[in-house]
Amino acid sequence: MKLQVLGCHGGELPTCRSTCFLVDDVLALDAGALTGTLSLDQLCKVDDVLVGHSHFDHVKDLPLLADLVIGRRDKPVTIHASRECAKALRENMFNNSLWPDFTRIPTRNKPVLAIKTFRAGSTFQVGPYTVKSVPVSHPVESCAFIISDGKTSLAMSGDTGPTDKLWKALNATKNLKALLLEASFPNSLQALADISGHLTPATVGSELRKFDRNGAQVMLYHLKPAFVTQLKKELAPLPVNVLELGETFQF
């Protein structure tokens, strides 16, 4: 399983890109940095997008993706979203006001995009991958994902504050090679992290005590651009790696 880091920040600046990972060139995890990173040919290879929740920095490239690949694919790009997230996308993004409804363009039978819903907590199939969704702690419905190709498993926490369900699911996962875990604010902003459903280095440390790692790498993403330097300093004592743009891993 190949993992490319297209975006690993909780916001954008010239040197920072919003959350987006690419698995085996065909499966995107969130859509914060698709169109600003991939070539047109690479974008056309993306068959599925797993969306953890509806917040803008995780879905912002979906409209531009649709506009770019129209007429260049034989089948729609499938967006997999929880019921609440799918509802938000339909009502607030692809609503023919903010953006055209590309789930019906150019025709209802052959659209550019298809939104496929799942129930938070369910397990479903995405191409060759089995995906387990795990509800996590965030102001809107947000899911972690555990993705398996039958040999290797990879997990992504989604945006979350302290949680228990995720760690129970991870501890029961076979062949887990890596966990992509969010870390957003420095310890001085713990109160803000708590009310907004995010982690700090302090809560990352306490959450990891719930995790039976069994050799799995813990890779941190979603660092807020204004605090990257401070966050890296506070995270340095922990047994984790902070992801960087452009990195590629083979699991």
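Residues numbered from 1 in each chain as written. Predicted model: local features only at pLDDT ≥ 70, side-chain atom pairs only at ≥ 80, totals over all residues. Heavy atoms only, no water.

*Asks:* In this structure, what is going on with the overall build of the protein? I would like to understand it.
*Replies:* The helix and strand inventory of the protein stands at 8 helices and 14 strands. The C-alpha radius of gyration computed for the protein amounts to 17 Å, which stays within 12% of the reference 18 Å derived for 251 residues, consistent with globular compactness. Expressed as lengths along the three principal axes of its C-alpha atoms, the size of the protein is roughly 55 × 40 × 30 Å. Residue pairs at least 24 apart in sequence account for 57% of intrachain contacts in the protein once pairs closer than 6 positions are excluded. Here the protein has roughly 11,000 Å² of accessible surface; of this, 50% comes from carbon and sulfur atoms. (Helix = DSSP H or I, 4+ residues; strand = E, 2+ residues; numbered from the N terminus. Rg over C-alpha atoms; globule rule 2.2 N^0.38 Å. Contact = heavy atoms within 4.5 Å. Areas by Shrake-Rupley, 256 points an atom, 1.4 Å probe, with all protein chains shown as cover.)

*Asks:* Honestly, unusual backbone geometry in this entry has me stumped. Any pointers?
*Replies:* Trans is the prevailing form of peptide bonds, just as negative phi is the prevailing case for residues other than glycine. Cis rather than trans, the peptide bond between I105 and P106 has omega equal to 0 degrees. With respect to the helices and strands, the residue P106 is situated in the loop between α4 (83-92) and β6 (113-118). We note that D25 has phi near 70 degrees; this positive angle belongs to a residue other than glycine. Within the secondary structure, D25 is located in the loop between β2 (20-23) and β3 (27-29). Look at N96: it is not a glycine, yet its phi comes out positive at around 65 degrees. Position of N96 relative to the elements: it lies in the loop between α4 and β6.

*Asks:* I keep staring at the environment of K110 and nothing clicks. Help me out?
*Replies:* Topologically, K110 is positioned in the loop between α4 and β6. For K110 and K232, which are 122 residues apart along the polypeptide, the C-alpha to C-alpha distance reads 46 Å.

*Asks:* Explain helix α8 (residues 228-235) here, please?
*Replies:* Residue pairs spaced three or four apart in an α-helix point in one direction, given the helix's 3.6 residues per turn. For α8, the set of buried residues is V228, L231 and L235. In a view along the axis of α8, the buried residues occupy a sector of 65 degrees, so they form one face of it. What points out from α8, more than 90 degrees from its buried face, is the exposed set T229 and K233. Here the buried face of α8 lies against α7 (201-208), β12 (217-221) and β13 (241-242). (Buried < 20%, exposed > 50% of the residue type's maximum accessible area, 1.4 Å probe, protein only. Arc of directions from axis to C-beta.)

*Asks:* How should the sheet that holds β13 be read in this particular structure?
*Replies:* Across a sheet, paired strands are connected by hydrogen bonds in the backbone, their directions being either parallel or antiparallel. Spatial ordering of the open sheet is given by β7-β8-β9-β10-β11-β12-β13, a layout of 7 strands whose pairing is mixed. Of all the strands in the sheet, just β7 (123-126) and β13 have a single pairing partner and so form its edges. As paired elements, strand β9 (residues 143-148) and strand β10 (residues 153-156) share 4 bridges and run antiparallel to each other. Note that in β10 the partner of F145 across the bridge is M156. (Pairing = 2+ DSSP bridges.)

*Asks:* Before we go on, may I ask you to explain the pattern of salt bridges in this structure?
*Replies:* Where charged atoms from two side chains of opposite charge approach closely, those side chains can pair. By the definition in use, this model includes 9 salt bridges. Put simply, K87 and E91 hold a salt bridge, and the shortest N to O gap is 3.2 Å. Of the two residues, K87 and E91 are both situated in helix α4; the distance of 4 residues between them amounts to about one turn of the helix. A salt bridge links E244 to K232, with the nearest nitrogen and oxygen atoms 2.8 Å apart. A residue pair is termed long-range when its members are at least 10 positions apart, and E244 in the loop between β13 and β14 (248-250) and K232 in helix α8 qualify at 12 residues. Look at the salt bridges and you will find they share partners, linking E12, K60 and D61 into a network. (Salt bridge = Lys/Arg side-chain N within 4 Å of Asp/Glu carboxyl O.)

*Asks:* Which parts of the structure should I look at to understand the layout of surface pockets?
*Replies:* Using a probe with the size of a water molecule, rolled over the atoms, empty space left in the structure can be pinpointed. Of the pockets and cavities examined, the largest pocket occupies roughly 180 Å³. Lining the largest pocket, in full, are V69, I70, G71, R73, D74, K75, P76, P106, N109, K110, P111 and V112. For the lining of the largest pocket, the residue count by class is 6 nonpolar, 2 polar and 4 charged. (1 Å grid on protein atoms, 1.4 Å probe; cavity = no way out; pocket = protein on both sides within 12 Å on 5 of 7 lines; lining within 4 Å. Points joined across faces, edges and corners; volume = space filled by probe spheres on them. Nonpolar A, V, L, I, M, F, W, Y, C, P; charged D, E, K, R; others polar.)

*Asks:* Mind showing me how you'd approach the UniProt feature "domain: Metallo-beta-lactamase" (unreviewed entry) in the protein here?
*Replies:* Under the UniProt annotation, the feature "domain: Metallo-beta-lactamase" (unreviewed entry) is placed at residues 17-198. A distance of 18 Å separates the end C-alpha atoms of residues 17-198, which is 23% helix and 27% strand. (UniProt positions renumbered as here; feature names shortened; annotations may be inferred.)

*Asks:* I keep staring at the sheet that holds β6 and nothing clicks. Help me out?
*Replies:* Ordered by their spatial adjacency, 7 strands build an open sheet running β6-β5-β4-β3-β2-β1-β14, and the pairing between neighbours is mixed. In this open sheet, the two edge strands, each paired with only one partner strand, are β6 and β14. Across the sheet, the mean angle separating the axes of adjacent strands is 20 degrees when strand polarity is ignored. One ladder, built from 6 bridges, connects strand β5 (residues 77-82) with β6; its direction is parallel. Residue pairing for β6: I79 is matched across the bridge by I115. Contacts from helix α3 (residues 62-69) reach β4 (48-50), β5 and β6, with the element oriented near 165 degrees to β5. Across the sheet, α4 touches β5 and β6, and the angle it forms with β5 is around 120 degrees. (Axes fitted to C-alpha atoms, helices over the stretch in contact; angles between N-to-C directions.)

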